[in-house]
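Per-entry structural report
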Amino acid sequence: MDYIEYIFKVKPLQPGTEILIAELGYAGFESFVETENGVKAYIQKAEWDNAILDGINCLASKEFKIEYIFSEIAQINWNEEWERNFNPIEVDGKCTVRAPFHTKKSFQYEIVIEPKMSFGTGHHETTFMMLQFILENDFQNKTVLDMGCGTAVLAILASMRGASKLDAIDIDEWCFENSMENIQRNDCENISVYLGDAFLLEDKSYDVIIANINRNILLNDMEAYKNSLNKGGALYLSGFYRDDLPIITECCNNLQLQFVENKEKNNWVAAKFIL
Ligand SMILES: C[S@@+](CC[C@H](N)C(=O)[O-])C[C@H]1O[C@@H](n2cnc3c(N)ncnc32)[C@H](O)[C@@H]1O
């Protein structure tokens, strides 16, 4: 099958990348990978319609800009494509996140993810820092929510760290399906996956909530997270920049969530709060 390969450059990466990938998925693009040159996305030549680009161009806003280049390519070998773009990652010498085609490595926690999408492979700073938080903190016998689960990589590590029961929620259908596959692949039977958003949280309660989404959604849904957090519970947030930490902290403080600590990597932040 012949494909057209697009490379989209989005600035800044969030929320641009997330919104772009969702739109590309709706438009018929099949798979995405975030590279140094931008988000690579592929669409079958037969599926291509120039109107798709009008939709993509409409996405660009005051908040982010999108540029793209494209080329036609024949017969993609997907495994080779992923192998070129996706190397295993290692977190603090304890955890590795790899694809099924990588050779097995000896780590305390080994997570195998089919890298069908860019978010949730551990390469992004926010995922990496959230994995660090999960490695550093106690998850033994805790009930956990992974909000905006992507590939469910965070829920999978929390399950491996001893969490008793976990819910993983994502608004995106593709993430929902990919999470189910990855959970099965990593034998984490105590994780349930749901398609939806904070509206699903009514009547639910957790010892720990993990949410790596973006500034605006976190601010919008913070009250729902707080209402679903047990007293003494921990909330780990990421998906926002250093400059946004004060507004996130203020929003949390207004809801009696106390700041504990934060991590920072390339301007991205992950922060821990307790109730
Ligand atoms: C930055 S990715 C994080 C993925 C993964 N948790 C990780 O740490 O790599 C954010 C995810 O949140 C999902 N998302 C966006 N808005 C959401 C919402 N309102 N409720 C739940 N999930 C949402 C997106 O589909 C995306 O998969």
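Residues numbered from 1 in each chain as written. Predicted model: local features only at pLDDT ≥ 70, side-chain atom pairs only at ≥ 80, totals over all residues. Heavy atoms only, no water.

Identification of the protein chain as Ribosomal protein L11 methyltransferase from Aequorivita echinoideorum is taken from an unreviewed UniProt entry. Comment text from UniProt for the protein chain, heading Sequence similarities (unreviewed entry), reads "Belongs to the methyltransferase superfamily. PrmA family." In its Subcellular location (unreviewed entry) section, UniProt records this for the protein chain: "Cytoplasm". (UniProt positions renumbered as here; feature names shortened; annotations may be inferred.)

1. Digging into the site of the ligand
In the neighbourhood of the ligand, 19 residues make up the surrounding shell, with Thr 127, Gly 148, Asp 170, Asn 212 and Ile 217 lying closest. One of the backbone N or O atoms of Cys 149 is found 3.3 Å from a nitrogen atom in the ligand. Here the ligand loses 94% of its free accessible area of 600 Å² to cover by the protein chains. Its residues placed into classes, the shell around the ligand shows seven nonpolar, seven polar and five charged. (Near = heavy atom within 4 Å. Polar contact = N/O pair within 3.5 Å; in protein donor to acceptor, adjacent residues only side chain to side chain. Areas by Shrake-Rupley, 256 points an atom, 1.4 Å probe, with all protein chains shown as cover. Nonpolar A, V, L, I, M, F, W, Y, C, P; charged D, E, K, R; others polar.)

2. Side note on the pattern of salt bridges
Evaluation of the coordinates by the stated rule reveals seven salt bridges. A salt bridge links Glu 264 to Arg 242; its shortest N-O distance comes to 2.7 Å. Here Glu 264, found in strand S13 (residues 258-265), pairs with Arg 242, found in the loop between strand S12 (229-241) and helix H8 (245-254); they are 22 residues apart in sequence, far enough to count as distant. The network of salt bridges with shared partners includes Arg 98, Lys 104 and Glu 110. (Salt bridge = Lys/Arg side-chain N within 4 Å of Asp/Glu carboxyl O. Helix = DSSP H or I, 4+ residues; strand = E, 2+ residues; numbered from the N terminus.)

3. Comments concerning helix H4 (residues 125-136)
Over its twelve residues, H4 runs 17 Å from end to end, which matches the ideal 16 Å to within 8%, given 1.5 Å per residue. For H4, the set of buried residues is Glu 125, Thr 126, Thr 127, Phe 128, Met 129, Met 130, Leu 131, Gln 132, Phe 133, Ile 134 and Leu 135. (Expected span 1.5 Å × (residues − 1). Buried < 20%, exposed > 50% of the residue type's maximum accessible area, 1.4 Å probe, protein only.)

4. What to know about the packing of aromatic side chains
Considering all chains together, one arrives at four aromatic pairs under this definition. Residues Phe 139 and Tyr 236 carry aromatic rings whose centres are separated by 6.2 Å and whose planes lie at 25 degrees to one another, so their mutual orientation is stacked. In this pair, Phe 139 sits in the loop between H4 and strand S8 (143-147) while Tyr 236 sits in strand S12, placing the two residues 97 residues apart along the sequence. The exposure classification of Phe 139 matches that of Tyr 236, with both residues buried. Among the aromatic side chains, those forming a connected cluster through ring pairs are Phe 133, Phe 139 and Tyr 236. (Phe/Tyr/Trp six-rings, centres within 6.5 Å; stacked < 30°, edge-to-face > 60°.)

5. Here's the deal with the environment of Ile 171
Relative to the assigned elements, Ile 171 resides in the loop between strand S9 (165-170) and helix H6 (173-185). Residues Ile 171 and Cys 149, spaced 22 residues apart in sequence, show a C-alpha to C-alpha distance of 9.0 Å. Non-local contacts of Ile 171, meaning those with residues more than four positions away in its chain, are made with Leu 195, Gly 196 and Asp 197. (Contact = heavy atoms within 4.5 Å.)

6. Some details on the packing of H4 against helix H5 (residues 153-160)
Axis separation between H4 and H5 bottoms out at 10 Å; the angle between their running directions is 15 degrees. For the element pair H4 / H5, the angle class is roughly parallel. The hand of the H4/H5 crossing is right-handed. Residues Thr 127, Met 130, Leu 131, Ile 134 and Leu 135 of H4 pack against Val 153, Leu 154, Leu 157 and Ala 158 of H5. A breakdown of the residues in the contact of H4 with H5 according to their chemical character gives eight nonpolar, one polar and no charged. (Axes fitted to C-alpha atoms, helices over the stretch in contact; angles between N-to-C directions. Parallel < 35°, antiparallel > 145°, perpendicular 65-115°, else oblique. Left-handed = near helix turned anticlockwise from the far one by under 90°.)

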